[in-house]
Amino acid sequence: MRTRKTARNDIRIGVMYDRDWAPEGLPAFAREVEALGADDVWVVEDLGWNGGVSAAAVALGATERLRVGIGITPAPLRSPALLAMELATLARVFPGRLVAGVGHGVREWMTAVGAAPRSPLALLEETITSVRALLGGERVELEGREVRLDGIRLVHPPAEVPPVVAGVVRPRSLELSGRVADGTVIAEGHGPAEVTAARELVAKGGADAEHTLTVFAFACVDDDPARAAETLRPLTEGQAAWLGRPAEEVFTVSGRAEDAAGRVRELAAAGADTVVLRVAGPEPVRQLGSVLEALGR
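Cut-offs used in this document
- The residue count restarts for each chain, going from 1 along the sequence in the order it is written.
- Under the rules for a predicted model, residues below a pLDDT of 70 receive no local features and side-chain atom pairs below 80 are neither given nor counted, while totals for whole chains, interfaces and linings still include all residues.
- Each side-chain value is derived from all of the structure's non-hydrogen atoms; neither hydrogens nor water enter the calculation.
- What counts as a helix is a DSSP run of H or I of at least four residues, what counts as a strand is a run of E of at least two, and both are numbered from the N terminus.
- All radius of gyration figures rest on C-alpha atoms, and the globule criterion is 2.2 Å times the number of residues raised to 0.38.
- Whether a residue is buried, partly exposed or exposed follows from its accessible area with a 1.4 Å probe, protein chains only, as a fraction of its type maximum: under 20%, in between, or over 50%, in that order.
- Whether two residues are in contact is decided by their heavy atoms, any of which lying within 4.5 Å being enough.
- Each accessible area is a Shrake-Rupley result for a 1.4 Å probe, and residues are judged covered by the shown protein chains and nothing else.
- Think of a polar contact as two N or O atoms within 3.5 Å of one another; within protein, one of them needs to be a possible hydrogen donor and the other a possible acceptor, and neighboring residues in sequence only count if both atoms come from side chains.
- Only strands that DSSP links by at least two bridges are regarded as paired with each other.
- To qualify as a nonpolar core, a set must consist of buried Ala, Val, Leu, Ile, Met, Phe, Trp, Tyr and Cys residues joined through side-chain atoms within 4.5 Å.
- Planes of paired rings set the category: under 30 degrees apart is stacked, over 60 is edge-to-face and the rest tilted, where pairs are Phe, Tyr or Trp rings (Trp by its six-membered ring) whose centres lie within 6.5 Å.
- Between N-to-C directions, angles cover 0 to 180 degrees, with each direction set by a line fitted to C-alpha atoms, over the stretch in contact for helices.
- Just so you know how the angles are binned, under 35 degrees is roughly parallel, over 145 roughly antiparallel, 65 to 115 roughly perpendicular, and the rest oblique.
- Side-chain classes follow a simple rule in which Ala, Val, Leu, Ile, Met, Phe, Trp, Tyr, Cys and Pro form the nonpolar group, Asp, Glu, Lys and Arg form the charged group, and the remainder, Gly included, forms the polar group.

## A few points about the overall build of the protein chain
When you go through the protein chain residue by residue, the secondary structure sums to ten helices and eleven strands. The C-alpha atoms of the protein chain give 18 Å as radius of gyration, which agrees with the globular expectation for 297 residues (19 Å, within 12%). Taking the principal axes of its C-alpha atoms as reference, the protein chain extends roughly 60 × 40 × 40 Å. The buried share of the protein chain, reckoned over its 297 residues, is 53%. Counting only contacts in the protein chain whose residues sit at least 6 apart along the sequence, the fraction spanning at least 24 positions is 73%. Accessible area for the protein chain stands at about 13,300 Å²; split by element, carbon and sulfur atoms hold 51% of it.

## With respect to the side chain of Thr 127
Structurally, Thr 127 is set in helix α5 (residues 120-135). Side-chain polar atoms of Thr 127 contact the backbone oxygen of Leu 123, separated by 2.8 Å. With residues up to four places along the chain from it excluded, the contact list for Thr 127 reads Ala 75, Pro 80, Val 102 and Val 147.

## Remarks on the pairing of strand β11 (residues 274-279)
Most of β11 is tucked away: six of the six residues are buried. Side chains of β11 alternate between two faces, with Thr 274, Val 276 and Arg 278 and Val 275, Leu 277 and Val 279 buried alike. Bridge count between strand β9 (residues 212-221) and β11: six bridges; the pairing is parallel. Residue Phe 216 lies in a different strand from β11, and its bridge partner there is Val 276.

## Looking at the environment of Thr 184
Within the secondary structure, Thr 184 is located in strand β8 (residues 183-186). With 82 residues separating them in the primary sequence, Thr 184 and Val 102 have C-alpha atoms 9.5 Å apart. Beyond its immediate sequence surroundings of up to four residues, Thr 184 is in contact with Val 165, Ala 166, Val 168, Leu 174, Ser 177, Val 202, His 211, Thr 212, Leu 213 and Thr 214. At 2.7 Å, the side chain of Thr 184 forms a polar contact with the side chain of His 211.

## Description of unusual backbone geometry
With omega at 5 degrees, the peptide bond leading from Gly 71 into Ile 72 counts as cis. Even without glycine at this site, Glu 283 takes up a positive phi of about 50 degrees. Note that Glu 283 resides in the loop between β11 and α10 (284-294).

## Describing the nonpolar core
By size, the foremost hydrophobic cluster in this structure holds 77 residues, and its most contacted members are Val 253, Leu 267 and Leu 277. With residues up to four places along the chain from it excluded, the contact list for Val 253 reads Ala 217, Phe 218, Ala 219, Cys 220, Ala 260, Arg 263, Val 264, Leu 267 and Leu 277. Core analysis: the next-biggest nonpolar cluster, separate from the first, contains eight residues, Met 16, Trp 42, Val 165 and Phe 216 among them.

## Quick notes on the packing of aromatic side chains
As enumerated under the stated definition, the model contains five aromatic pairs in all. The interplanar angle of 65 degrees and the centroid separation of 5.2 Å between the aromatic rings of Tyr 17 and Phe 29 together place this pair among those described as edge-to-face. Here the residue Tyr 17 occupies a position in the loop between β1 (12-16) and α1 (26-36), and Phe 29 occupies one in helix α1, the gap between them amounting to twelve residues. On the basis of relative accessible area, Tyr 17 is assigned to the buried category, the value being 8%.

## Points about the packing of helix α2 (residues 52-62) against helix α3 (residues 80-93)
Remark: α2 packs on α3, axes separated minimally by 11 Å, with the N-to-C direction vectors making an angle of 0 degrees. As the angle between them shows, α2 and α3 are arranged roughly parallel. Seen from α2, the contacting residues are Val 53, Ala 56, Ala 57 and Leu 60; seen from α3, they are Leu 83, Glu 86 and Leu 90. By residue class, the composition of the contact of α2 with α3 is six nonpolar, no polar and one charged.

## Points about α2
Because an α-helix completes one turn every 3.6 residues, residues spaced three or four positions apart along the sequence face the same direction. Among all positions in α2, only Gly 52, Val 53, Ala 55, Ala 56, Ala 59, Leu 60 and Ala 62 are buried. On its buried face, α2 is in contact with α1, β2 (40-43), β3 (67-74), α3 and β4 (98-103).

None of the figures reported here should be taken as evidence of function without further support.
See below:
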């Protein structure tokens, strides 16, 4: 596992295009955050909201430099062959600018569409393994527990293969990510101690020094910290219920700009390579800009 300093200047700063924001606003948002100097914009694929691959295409097409992450495509909704085809198309047109996140998906949502797998772990492993192989130009033969591919190969694999990262939370899934993925995505609400623990688990699974760790974080920048906390409260309470912890233990990047920047640095010191802010409240681009400025960006 990589040795990390207590403060890092190479941390990537991204921003999430929230699933509740209208999709037609994505091009202008992506251009604005690119102009600010952000490194990434991440799009979301949750059942009933927006399509992750199509949203990534919109953001990539609207910008010139910005890296675009898909966080995340649920493996049960995606044929690995089709997912690899879609990702390869984007990676060829926009080389070096795509990160493809894949995860288990919310179990209740997968059940609602009749796609819940018998073995979520097997499905995720077989999906990530086969997608990475297809993107690498390999011919894939797989008769797995959940995935079957009979001699599939991409006609147009990308010259620059995009990283395929796993959006996971639980220990066995984190170990799996370390074994089969290029990186790991950690959901909102996890603080430095949990980032360090995630690093240890992916390393236990076999992650090498190139395995990246991306951390999503709720964010609200306000000169009144109490007002920032109140703005975030619906999000932190909902996430607390999902994580099974008190709302006050849900980690956020919030408060005054310098305080929010300090929270980003805490995540970086714990092992995050990229911090993606899910900004709540008015003027999200302005809030992002204030954090970037406080970070010396």
